[in-house]
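# A structural walkthrough
Each chain, written out:
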Amino acid sequence: MNVLIVEDEKKTAELLKELIEERSDYLVVHTCPSIESTVTYLKKHQHKLDLIFMDIQLADGESFDIFEETEVRIPVIFCTAYDQHVLKAFKSNGIDYILKPFKEEDIHKALEKVEAMKSSLSKGLEPDALTIKNLFADEPAYQKTFLVRHQENMVPVRVSDIAFVHLTNEMVNIYNFKGQKNVIFKNLEEIESSVDPAQFFRINRQMIVNRDAIKEISPYFKRKVIVKLPFDIPEKAVVSRMKVTPFLDWMEKPE
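Residues numbered from 1 in each chain as written. Predicted model: local features only at pLDDT ≥ 70, side-chain atom pairs only at ≥ 80, totals over all residues. Heavy atoms only, no water.

All right, on to the sheet that holds strand β1 (residues 2-6) then. Here five strands make up an open sheet; going across it, the order is β2-β1-β3-β6-β7 and the pairing parallel. Because the sheet does not close on itself, it has two edges, and the strands there are β2 (27-32) and β7 (94-99). Here the strands of the sheet are splayed against their neighbours by 20° on average, with no regard to which way each runs. Where β1 meets strand β3 (residues 51-55), four bridges bridge the pair, whose relative direction is parallel. Within β3, the position partnered with isoleucine 5 by the bridge is phenylalanine 53. (Pairing = 2+ DSSP bridges. Helix = DSSP H or I, 4+ residues; strand = E, 2+ residues; numbered from the N terminus. Axes fitted to C-alpha atoms, helices over the stretch in contact; angles between N-to-C directions.)

The following block contains the structure:
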């Protein structure tokens, strides 16, 4: 199988090539270091390729932009140091998602998934929901820990200990269930995409709430609702009007 590597770090690309070609039936035919070079290469040579290993964070942007510039018709295995792009990756021809720094067994397991899918298709079988679920059984979990600022140090906080996240005065603070808060150097969009959406809900532009922190929901003016949390905070936890229906639906869904 002919493989294209999209990776802007030369040493990482070389290591990836070495690990892929340990399997005798795989050949890395080219490496592209940027979005622009990848688009150009795919427009000319995609018909010769069977698989792409693609980093998400490239020097000139996120590799998802490639899919806006050209139609990609072959499977992609994404490699990245961040795990907040899982769902977007699987919507972009992704068949696996490997976190850096990757290990030899990570690459081999990903290639085994490729071969399993290829075997199903060669037999004329349409992958059903169970087949796809099995192929993605090792999909990365959501983030379990965040680093927050505590005095002059950085300390880990488990996501399960977070009651809610609040943006105030242009600072993002994480509150635990005891009411203690710490500054985190991430924006709400990054945090929202990193945590399990079955457990956390962004109720408005300033706040993400843990399901386990919600004690009570009360009506509020203009068809909004207000969430009662385990402790009092200066600003009310108001669910914006447009989010009330999906929020209530989310609360009734099984965890």
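Now that the structure has been shown, we can carry on.
This structure, assessed with the given rule, holds nine aromatic pairs. Ring centres 5.6 Å apart and planes at 40° place the aromatic pair phenylalanine 64 and phenylalanine 78 in the tilted group. One end of the pair, phenylalanine 64, is in the loop between β5 (61-62) and α3 (66-69); the other, phenylalanine 78, is in strand β6 (residues 76-80), and 14 residues separate them in sequence. The residues phenylalanine 64 and phenylalanine 78 share a single accessibility class, namely buried. Measuring from centroid to centroid gives 6.3 Å for phenylalanine 67 and phenylalanine 78, while their planes differ by 40°, and the two rings are tilted. On the criterion of sequence distance, the pair formed by phenylalanine 67 in helix α3 and phenylalanine 78 in strand β6 is long-range, its members being 11 residues apart. (Phe/Tyr/Trp six-rings, centres within 6.5 Å; stacked < 30°, edge-to-face > 60°. Buried < 20%, exposed > 50% of the residue type's maximum accessible area, 1.4 Å probe, protein only.)

With antiparallel pairing, the three strands of this open sheet are ordered in space as β15-β16-β17. Across the chains shown, the open sheet's two edge strands, defined by having one partner strand only, are β15 (216-219) and β17 (237-239). Each neighbouring strand pair of the sheet contributes to a mean axis angle of 35°, computed without reference to strand direction. One ladder, built from three bridges, connects strand β16 (residues 225-228) with β17; its direction is antiparallel. Bridge pairing in β17 places valine 227 opposite alanine 237.

Every buried residue of helix α1 (residues 10-20) is accounted for by Thr12, Ala13, Leu16, Leu19 and Ile20. Down the axis, α1 shows its buried residues gathered within 130° of arc, on one side only. Exposed residues pointing more than 90 degrees away from the buried face of α1 are listed as Lys10, Lys11 and Glu18. (Arc of directions from axis to C-beta.)

Attention now moves to unusual backbone geometry. It is generally the case that most residues other than glycine have a negative phi and that most peptide bonds are trans. Backbone geometry at asparagine 169 places phi at a positive 55°, although glycine is not the residue there. On the secondary structure map, asparagine 169 appears in the loop between β10 (162-168) and β11 (171-176). Even without being a glycine, glutamate 170 presents a positive backbone phi close to 65°. Looking at the element boundaries, glutamate 170 is found in the loop between β10 and β11. Judged by relative accessible area, glutamate 170 falls into the exposed class, the value being 77%.

The next point concerns a nonpolar patch on the surface. Taken together, the side chains of Leu147, Met154 and Phe185 present a nonpolar region at the surface, about 330 Å² in accessible area. Positionally, methionine 154 belongs in strand β9 (residues 153-158). When its relative accessible area of 45% is taken as the criterion, methionine 154 is described as partly exposed. (Patch = residues over 30% accessible without salt bridge, like charges linked within 9 Å, V, L, I, M, F, W, Y side chains within 5 Å. Areas by Shrake-Rupley, 256 points an atom, 1.4 Å probe, with all protein chains shown as cover. Salt bridge = Lys/Arg side-chain N within 4 Å of Asp/Glu carboxyl O.)

Ranked by size, the top nonpolar core spans 20 residues in total, and within it Leu16, Ile20, Leu51, Phe53, Ile77, Ile98 and Ile107 carry the most contacts. Put simply, the parts of the chain that give this core at least two residues each are β1, α1, β3, β6, β7 and α5 (104-122). A total of five residues in this core trace back to one element, the largest contributor, which is α5. If near-sequence neighbours (up to four positions away) are discounted, isoleucine 98 is found in contact with Phe53, Ile77, Phe78, Cys79, Thr80, Asp106, Ile107 and Ala110. (Core = buried A, V, L, I, M, F, W, Y, C linked by side-chain atoms within 4.5 Å. Contact = heavy atoms within 4.5 Å.)

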